[in-house]
Amino acid sequence: MRILVVDDEETLVDTLKRGLVAEGFAVDTCYNGLDGLQLARSAPYDCIVLDIMLPGMNGFKFTATLRSEEIWTPILMLTAKDGELDEAEALDTGADDFLKKPFSFTVLVARIRALLRRNVDSRPPVLIAGDLRLDPSSHSVTRGETTIELTTREFSFLELLMRSKGKVLNKREIIEHVWDYDFEGDSNIVEVYIGYLRKKIDAPFGTKSIRTVRGVGYLLEEDGGAGAVNCDEVPTAV
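Below is a summary of the structure that appears in this document. Keep in mind it's a predicted model, so treat the numbers as computed, not measured.

Describing the packing of helix α2 (residues 33-42) against helix α3 (residues 59-68)
Here is step 1: Two numbers describe how α2 lies on α3: the axes approach to 10 Å, and their chain directions differ by 25°. One finds that α2 runs roughly parallel with respect to α3. The two elements α2 and α3 cross, and the hand of that crossing is right-handed. Of the residues in α3, those touching α2 at G33, G36, L37, A40 and R41 are F62, T65 and L66.
Here is step 2: Taken together, the residues of the contact of α2 with α3 sort by class into 4 nonpolar, 3 polar and 1 charged.

Written as structure tokens, this is what we have:
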């Protein structure tokens, strides 16, 4: 999932980015409120980690502005300030949760994952496609009764595909969610990871869950590939 971190402490931001990437998130960063607001408006983030005391625009105003524009991305607000009034104002302006500095990174990640699970209609706790199951909370994948070991990046890629099952995702959408907004490497990395996933979630089971729609992108079959006969498809004119 794709996270935006907005904080003016560059060392903290860099540390959070490294840690969150290691946990399987794609992470964009920003050091002031105005630039962060533009990013939040322009990209489909899954969660925003936001400081209160920011140059350009403070976290309260940032949050109130997003909510006034009906952008409902979950916001976890960070602050070094003390007092119940700050916590109350953060929540009253539209933040979803509040974490006081200094904080445990483990708690931060748990809070982010909890925010991602809150909307159970769009984010089921366990993602299912046929007999393929992915549990974000335990970071586990199974096909039937068999546990499948994935790297952090492979897990993030499969999670994105399963959250969007039946929908074609193009390379840019995949890169922005699984890598990050500023990724400048070879876009063929997507094909490489599609190959990795097929070898792990399909080849040993005789299934074909990931379909290539040539010239468009990739989709995960809603039945997990149990009924698929071909992984590649040329789109037909409508």
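Quick notes on the sheet that holds strand β5 (residues 97-100)
Here is step 1: Strands sit in the order β2-β1-β3-β4-β5 across an open sheet of 5 strands; the sheet is parallel. Whereas interior strands pair on both sides, the edge strands pair on one side only; in this sheet they are β2 (26-30) and β5. The sheet shows a mean angle of 20° between the axes of neighbouring strands, direction not considered.
Here is step 2: Here strand β4 (residues 75-79) pairs with β5 via 4 bridges, running parallel. Bridge pairing links T79 to K100 in β5.

Some details on the environment of Y31
Here is step 1: Here Y31 shows up in the loop between β2 and α2.
Here is step 2: Here Y31 falls in the partly exposed class, since its relative accessible area comes to 30%.
Here is step 3: Taking the C-alpha atoms as reference points, Y31 and V13, separated by 18 residues in sequence, lie 8.2 Å from one another.
Here is step 4: Sequence-distant contacts of Y31, that is, excluding residues within four places in its chain, are made with D7, D8, E10, V13, D14, L54 and P55.

Notes on unusual backbone geometry
The phi angle of most residues is negative, glycine excepted, and most peptide bonds adopt the trans form.
Here is step 1: Note the cis peptide between K101 and P102, where omega equals -10°.
Here is step 2: Considering the arrangement of structural elements, one finds P102 in the loop between β5 and α5 (105-118).
Here is step 3: With a phi close to 60°, E70 is a non-glycine residue in the positive phi region.
Here is step 4: Mapped onto the elements of the fold, E70 is located in the loop between α3 and β4.
Here is step 5: By relative accessible area, which is 59% here, E70 ends up exposed.

So, helix α8 (residues 189-202)
Here is step 1: Here α8 spans 19 Å end to end across 14 residues, near enough to the 20 Å set by a 1.5 Å rise per residue.
Here is step 2: Along α8, the residues classified as buried are V190, Y193, I194, L197, I201 and D202. In an axial view of α8, the angular spread of the buried residues amounts to 125°, which keeps them on one side of the axis.

Comments concerning helix α7 (residues 171-178)
Here is step 1: Turning to α7, its buried residues number three or more, namely I174, I175, E176, H177 and V178.
Here is step 2: On its buried face, α7 is in contact with β1 (2-6), β2, α6 (152-163), α8 and β11 (217-220).
Here is step 3: The residue sitting at the N-terminus of α7 and contributing the capping side-chain oxygen is N170; that oxygen lies 3.1 Å from the backbone nitrogen of R172.

Quick notes on the side chain of D46
Here is step 1: As for its placement among the helices and strands, D46 is situated in the loop between α2 and β3 (47-51).
Here is step 2: Judged by relative accessible area, D46 falls into the buried class, the value being 9%.
Here is step 3: Within the local environment of D46, its side chain forms a polar contact with the backbone nitrogen of R2, the two atoms lying 2.7 Å apart.

Section: the nonpolar core
Here is step 1: Of all hydrophobic cores here, the largest spans 26 residues; its most connected members are V141, F157, L158, M162, I174 and I210.
Here is step 2: Put simply, the parts of the chain that give this core at least two residues each are β6 (127-129), β7 (132-135), α6, α7, α8 and β11.
Here is step 3: In terms of residue count, the dominant contributor to this core is α6 (6 residues).
Here is step 4: Beyond its immediate chain neighbours, meaning those up to four positions away, M162 contacts L127, I128, A129, L132, R133, L134 and L220.
Here is step 5: In this structure, L39, I48, I71 and F98 belong to the second largest nonpolar core, which totals 22 residues.

What counts and how
- Residues numbered from 1 in each chain as written.
- Predicted model: local features only at pLDDT ≥ 70, side-chain atom pairs only at ≥ 80, totals over all residues.
- Heavy atoms only, no water.
- Axes fitted to C-alpha atoms, helices over the stretch in contact; angles between N-to-C directions.
- Helix = DSSP H or I, 4+ residues; strand = E, 2+ residues; numbered from the N terminus.
- Parallel < 35°, antiparallel > 145°, perpendicular 65-115°, else oblique.
- Left-handed = near helix turned anticlockwise from the far one by under 90°.
- Contact = heavy atoms within 4.5 Å.
- Nonpolar A, V, L, I, M, F, W, Y, C, P; charged D, E, K, R; others polar.
- Pairing = 2+ DSSP bridges.
- Buried < 20%, exposed > 50% of the residue type's maximum accessible area, 1.4 Å probe, protein only.
- Expected span 1.5 Å × (residues − 1).
- Arc of directions from axis to C-beta.
- Polar contact = N/O pair within 3.5 Å; in protein donor to acceptor, adjacent residues only side chain to side chain.
- Core = buried A, V, L, I, M, F, W, Y, C linked by side-chain atoms within 4.5 Å.

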